[in-house]
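Listed below, chain by chain, are the residues.
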Amino acid sequence: MSTETYRKWWILSKKQLECLQEYDDFMKKNTKKEKSRVKANHIVSGLYTKYCMLVKNIDICLDQTIQPQKRVTIRKLVDSATTRLIEINNLLRDIDISEIHYCDGNLIEQKLIPNSIEFLNPTLFFPRPIEIEDMWQRIQKGERIFIPSPTLSPSASKTAEETEGEKTEGEKKEGEKPEGEKKEGEKKEGEAADEKKVEAQDDSKSKEAAKEEKKKRKASAKKLVTEKKELSLEEIEAAKQQEILLNAILLIQTSERGRQARLYCTDILGARGPDPNDPSRAKKPEVEVTAEDLDNAAIGFQKLYRGYMARKEQKQRELKRRYLIGMYEPSWKSTEEFDKLKINAEIRRQIVSQKFKEYVDSMDKEKERIMRVVAPGLMEDISDEIREWFHEWYTEIQCFDKIPPTAKGGTVLVVRCETFTPKEYLADLERKKAEKEKGKDDKAAKEKAAKEKKKKKEEEKKKKEAEKKKKADAKKAKEAGEWEFEFPKDEDEPPAMKLLIDSIQEYITLWREKKMIDNPLDEIYMDLILDQVCYEMQLEVRQNVDQLMKLELRMLNEALVADLKKAGKKNAKMPKEKKEKVKKPKVDKKDLTRNRRTEDIFQELIDNEIIRKYPKVHLDEFLGDFSYSNWDKREEECDTFPCLGDIRHQVAINCILPLGVGTMIKPKSVLIAGPKQSGKHLLANAIFTETKAVLFDLTPANLVGKYDGPVGQKMLLHLINKMSRLLQPSIIYFDGGEKPFYKKVPKEENDQNPKRFGSSLLKNIIKPIMPKDRVLVLAITNQPWAAKPSGLKKAFERVILVPRTDYGSAYIFWKHYLMRHHGVHRTFDLSCLAKLSVNYPASVIKEVVDTVMTPRRIIALSYLPLQEIELYDVLIQNPNGPINDKDYAKLMKWYNKVPIRVARANYQIDIDDAKAALAEQAEKAAQKKK
């Protein structure tokens with residue numbers, strides 16, 4: 001799309017942001033306490049859907065905005081809006097007591113569908129530093145970023161030196177020959193050269209003949225003996241693919257040759273004419289044809305043809321209509337426009353990176369210019385200003401004030417008039433003297449001061465006790481089923497709202513007056529750079545001037561004391577100077593690799609396959625439909641269970657969006673549990689791809705023989721914690737989240753030492769993650785019941801369960817994998833197959849379609865339509881089959897012990913008891929009426 005399109009898109013998104021911020025503020029101020037969870041869900045889910053739409057829109061604007069200075073401001077708006085979205089998601093989590101939220105009522109009001117608020121391909125990733133990003137790009141291309149300098153061992157260097165010495169001595173001995181021997185040698189060499197020329201001509205022919213004989217022998221040997229080569233897995237796979245391709249070509253060739261043969265036979269028979277011996281071709285008596293008969297025949301042909309064309313046109317029109325509304329799935333869709341859009345977006349991203357580099361260069365050049373031109377004059381101005389302040393104090397009260405400490409602002413406080421004036425200083429001295437005199441004579445004042453201190457302490461204690469009581473009452477209310485929802489007050493206002501208001505204000509001050517039409521090429525605004533650089537330069541110069549002025553003030557005080565002593569005041573002393581604490585750069589003594597370069601550690605982790613590449617998979621490749629009945633169930637306060645589409649949205653909210661925001665309270669660890677072949681690995685790879693994260697694979701099978709022992713384990717933990725912060729966004733991944741907390745280690749896994757991270761995962765990896773760190777601990781598991789429940793509960797803040805395939809998701813699977821074949825009729829009954837294939841994972845359905853739809857069967861579709869029974873027979877014979885009920889029951893039993901599910905179950909028990917009591921009252925009332 002063009003720059004103009006994105007400009008209009010940004011204008012609309014900005015208006016939407018301002019309106020939503022006002023609406024959010026209005027809802028917080030005017031919403032009363034609500035005891036019904038259903039009504040509270042209606043209130044908050046309205047904000048949730050609007051923030052989802054807003055974040056999607058400004059995310060696209062941020063991705064495609066070229067102007068680098070404007071991107072900084074938009075980045076702040078995106079961060080604040082995303083942070084607010086996560087806060088609202090947490091509110092809904094407390095309201096619904098569930099990880100999954102349903103907002104169908106609000107979607108209907110806003111004329112949206114569930115896909116409208118889904119984050120399928122977010123570009124909300126936080127950029128790394130240029131050097132780190134360059135290293136990561138080189139690694140993805142297969143290059144090495146660090147090559148250690150080659151060093152020879154002392155024994156090798158000695159042997160090399162000895163051999164070189166021997167060679168030089170031998171050459172010297174050969175070179176030192178007597179002159180007589182040299183002349184005789186030259187004569188012999190001349191005679192030998194003549195003989196060699198004659199022999200070379202004779203031998204050349206014999207050598208050519210010998211070479212030809214050798215070639216013939218090799219050729220005969222190759223024909224008789226075949227060498228067996230050991231093929232690698234990649235070569236075997238390539239050979240299989242080549243064989244499949246050759247079989248397909250052979251099938252096409254045989255069918256085409258048969259068709260050509262049939263055409264040839266029909267042409268030959270037509271050329272020979274009819275068989276005279278054929279009784280069916282005997283001559284019949286000629287019948288006279290009138291003009292009326294010809295007209296009737298023509299009319300009959302016209303009726304048939306026009307009817308056929310009308311029916312065909314109607315059929316095509318109905319087909320187009322069904323394609324349009326999505327009832328039929330076309331076998332092929334043109335992706336030309338989408339490809340163009342992707343190419344243009346990638347081109348704009350390259351321009352963005354180029355403009356950002358230009359912006360950094362212009363910042364550096366402008367800073368150098370200002371420091372060279374403006375800084376000397378500025379130093380003189382600041383020093384003159386401070387000297388004037390010294391002069392003012394000396395002329396009025398014959399002394400000098402202290403320069404404020406650097407930590408509080410230094411001489412900036414003097415410029416802002418936030419320090420004492422000479423008159424205020426004298427008044428303060430008199431007040432202190434008066435207080436001292438009163439304190440000596442009046443003991444009652446001391447007693448009052450002591451009583452006031454006691455009262456303050458008692459009030460503070462009462463406040464703390466009141467807060468404790470409130471928390472205890474809230475817990476009792478929750479246990480008793482009493483609950484109230486209320487937006488946070490202004491005192492406890494969430495940080496996202498302050499960030500959002502500040503970001504909007506910053507945008508208004510910087511960009512409201514600048515029109516995008518006046519800068520079509522997105523050039524850099526030098527006035528903004530000048531303001532920023534001048535501010536930074538002024539702070540830097542002022543710190544240097546403060547140090548000089550402190551020295552000058554000390555000299556003035558020394559001169560003043562000397563003058564006072566000469567005048568007869570022997571008690572004159574230098575004012576005491578408080579030594580300011582100079583913050584030294586912290587040297588982490590626990591850093592085991594402080595003397596190593598980042599490239600070296602990075603390359604070491606790559607060589608050990610702890611940092612590895614991952615397949616590029618996008619979130620929209622995880623197929624599945626939303627649940628359309630759970631909202632109605634929640635309205636009746638019933639417990640619900642999500643579908644695959646709901647899981648996809650929840651993964652985006654909990655795992656992808658938080659890694660795109662700088663500072664935010666985010667989930668530190670997430671566990672994705674689910675049965676085998678349910679798509680856990682696909683979801684994990686989608687999270688890696690969408691966040692563009694660096695993957696640290698700590699799967700036990702991947703760590704066999706690496707960093708063994710306590711020393712190695714300590715080094716591994718240090719490298720992970722250090723590099724995950726340097727390379728963020730980063731994901732620490734465990735394939736088999738139950739393995740570090742095994743109840744009993746299986747025999748086949750004893751060699752892997754799966755419990756090596758059991759005691760250190762929470763303490764040394766998860767807890768040190770701060771809100772500013774864009775680091776996530778991600779694990780997947782298909783048998784969480786094999787682990788100790790307490791270990792998993794403490795380690796993982798969020799647990800996402802991937803359910804079995806429901807009817808809607810199975811219908812989407814069949815539609816996606818089957819309808820891409822052109823020969824399959826568009827009216828094929830997918831609903832029947834979807835009902836029969838509930839609980840079958842997507843991988844099994846894909847395998848079934850690939851098994852049935854062979855090249856031969858695809859060719860036969862034109863005259864032998866596909867039947868549902870063909871697919872069903874292969875489906876029930878598949879060895880993987882549906883997800884086992886026994887294993888799924890174990891999984892559900894474990895999941896129901898997760899803290900949030902326990903709270904939901906307790907709440908559901910209270911709701912069911914209340915419903916039963918109401919039903920009994922209604923029955924009693926009905927009986928009384930009778």
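Rules of the game
- Residues numbered from 1 in each chain as written.
- Predicted model: local features only at pLDDT ≥ 70, side-chain atom pairs only at ≥ 80, totals over all residues.
- Heavy atoms only, no water.
- Phe/Tyr/Trp six-rings, centres within 6.5 Å; stacked < 30°, edge-to-face > 60°.
- Lys NZ or Arg CZ within 6 Å of the ring centre and 35° of its normal.
- Pairing = 2+ DSSP bridges.
- Helix = DSSP H or I, 4+ residues; strand = E, 2+ residues; numbered from the N terminus.
- Axes fitted to C-alpha atoms, helices over the stretch in contact; angles between N-to-C directions.
- Buried < 20%, exposed > 50% of the residue type's maximum accessible area, 1.4 Å probe, protein only.
- Arc of directions from axis to C-beta.
- Contact = heavy atoms within 4.5 Å.
- pLDDT = per-residue confidence, 0-100.
- Parallel < 35°, antiparallel > 145°, perpendicular 65-115°, else oblique.
- Left-handed = near helix turned anticlockwise from the far one by under 90°.
- Nonpolar A, V, L, I, M, F, W, Y, C, P; charged D, E, K, R; others polar.
- Right-handed = clockwise from strand over helix to strand, strands pointing away.
- Patch = residues over 30% accessible without salt bridge, like charges linked within 9 Å, V, L, I, M, F, W, Y side chains within 5 Å.
- Areas by Shrake-Rupley, 256 points an atom, 1.4 Å probe, with all protein chains shown as cover.
- Salt bridge = Lys/Arg side-chain N within 4 Å of Asp/Glu carboxyl O.

As for the packing of aromatic side chains
A complete count under the given rule lists 9 aromatic pairs for this structure. A centroid spacing of 5.7 Å and a plane angle of 40 degrees characterise the contact between Trp-389 and Phe-390, whose relative ring orientation is tilted. Three or more aromatic residues joined by ring pairs make a cluster, and in this case those are Trp-389, Phe-390 and Trp-393. Across from the ring centre of Tyr-907, 4.9 Å away, lies the NZ or CZ of Arg-37, which sits over that ring. Looking at Lys-50, its charged tip hangs above the ring of Tyr-23, at a distance of 3.9 Å from the centre.

Considering the sheet that holds strand E4 (residues 775-781)
What the 5 strands build is an open sheet, ordered E2-E3-E4-E1-E5; its pairing is parallel. Strands at the two margins of the open sheet, each flanked by one partner only, are strand E2 (694-697) and strand E5 (798-801). Looking at each pair of strands side by side, their axes are set apart by 25 degrees on average, direction ignored. Two elements, E2 and strand E3 (residues 730-735), share 4 bridges in a ladder whose sense is parallel. Note that in E3 the partner of Leu-695 across the bridge is Ile-731.

Focus: helix H26 (residues 842-852)
Among all positions in H26, only Ala-842, Val-844, Ile-845, Val-848, Val-849 and Val-852 are buried. The buried residues of H26 occupy one face: seen down the axis, they fall within an arc of 165 degrees. Against the buried residues of H26 lie helix H24 (807-818), helix H27 (855-860) and helix H28 (868-877).

Considering the confidence of the model for the protein
Here the protein averages 79 in pLDDT, and 83% of its residues register 70 or above. Taken as a whole, residues 151-202 scores under 50 in pLDDT and shows 1 contact with residues more than four places along the chain or in a different chain. Below a pLDDT of 50 lies the segment residues 217-228, which in the model reaches 0 contacts outside its immediate sequence neighbourhood of four places, other chains included.

Overview of the packing of helix H19 (residues 644-656) against helix H20 (residues 680-691)
Two elements in contact, H19 and H20, have axes whose closest approach is 11 Å; the angle formed by their N-to-C orientations is 45 degrees. By the angle between their axes, H19 is oblique relative to H20. H19 and H20 meet at a crossing whose hand is right-handed. Only Leu-683, Ile-687, Glu-690 and Thr-691 of H20 make contact with H19, whose side of the interface consists of Ile-647, Val-651, Cys-655 and Ile-656. Residues belonging to the contact of H19 with H20 are distributed by class as follows: 6 nonpolar, 1 polar and 1 charged.

Side note on the pairing of E4
Of all the 7 residues making up E4, 7 are buried; the element is thus mostly covered by neighbouring parts of the structure. Across the two faces of E4 the burial is the same, with Val-775, Val-777, Ala-779 and Thr-781 and Leu-776, Leu-778 and Ile-780 all buried. The sheet contact formed by strand E1 (residues 669-673) and E4 spans 5 bridges and is parallel. Within E4, the position partnered with Ser-669 by the bridge is Val-777. With 6 bridges joining them, E3 and E4 adopt parallel strand pairing. For Ile-732, the partnering residue across the bridge sits in E4 and is Val-777. Handedness of the crossover joining E3 and E4 through helix H22 (residues 761-766): right-handed.

Describing a nonpolar patch on the surface
Together, Leu-245, Leu-246 and Ile-249 make up an exposed nonpolar region whose accessible area comes to about 270 Å². Mapped onto the elements, Leu-246 comes out in helix H8 (residues 233-272). Judged by relative accessible area, which is 49%, Leu-246 ranks as partly exposed.

Comments concerning unusual backbone geometry
The omega torsion across Gln-728 and Pro-729 is 5 degrees, close enough to zero to call that bond cis. With respect to the secondary-structure elements, Pro-729 resides in the loop between helix H21 (709-726) and E3. Although it is not a glycine, Lys-111 adopts a positive phi angle of roughly 60 degrees. Counting through the fold element by element, Lys-111 comes out in the loop between helix H4 (104-109) and helix H5 (130-140). At Asn-753, a residue that is not glycine, the phi angle is positive and equals roughly 50 degrees. Within the secondary structure, Asn-753 sits in the loop between E3 and H22. For Asn-753, a relative accessible area of 42% gives the class partly exposed.

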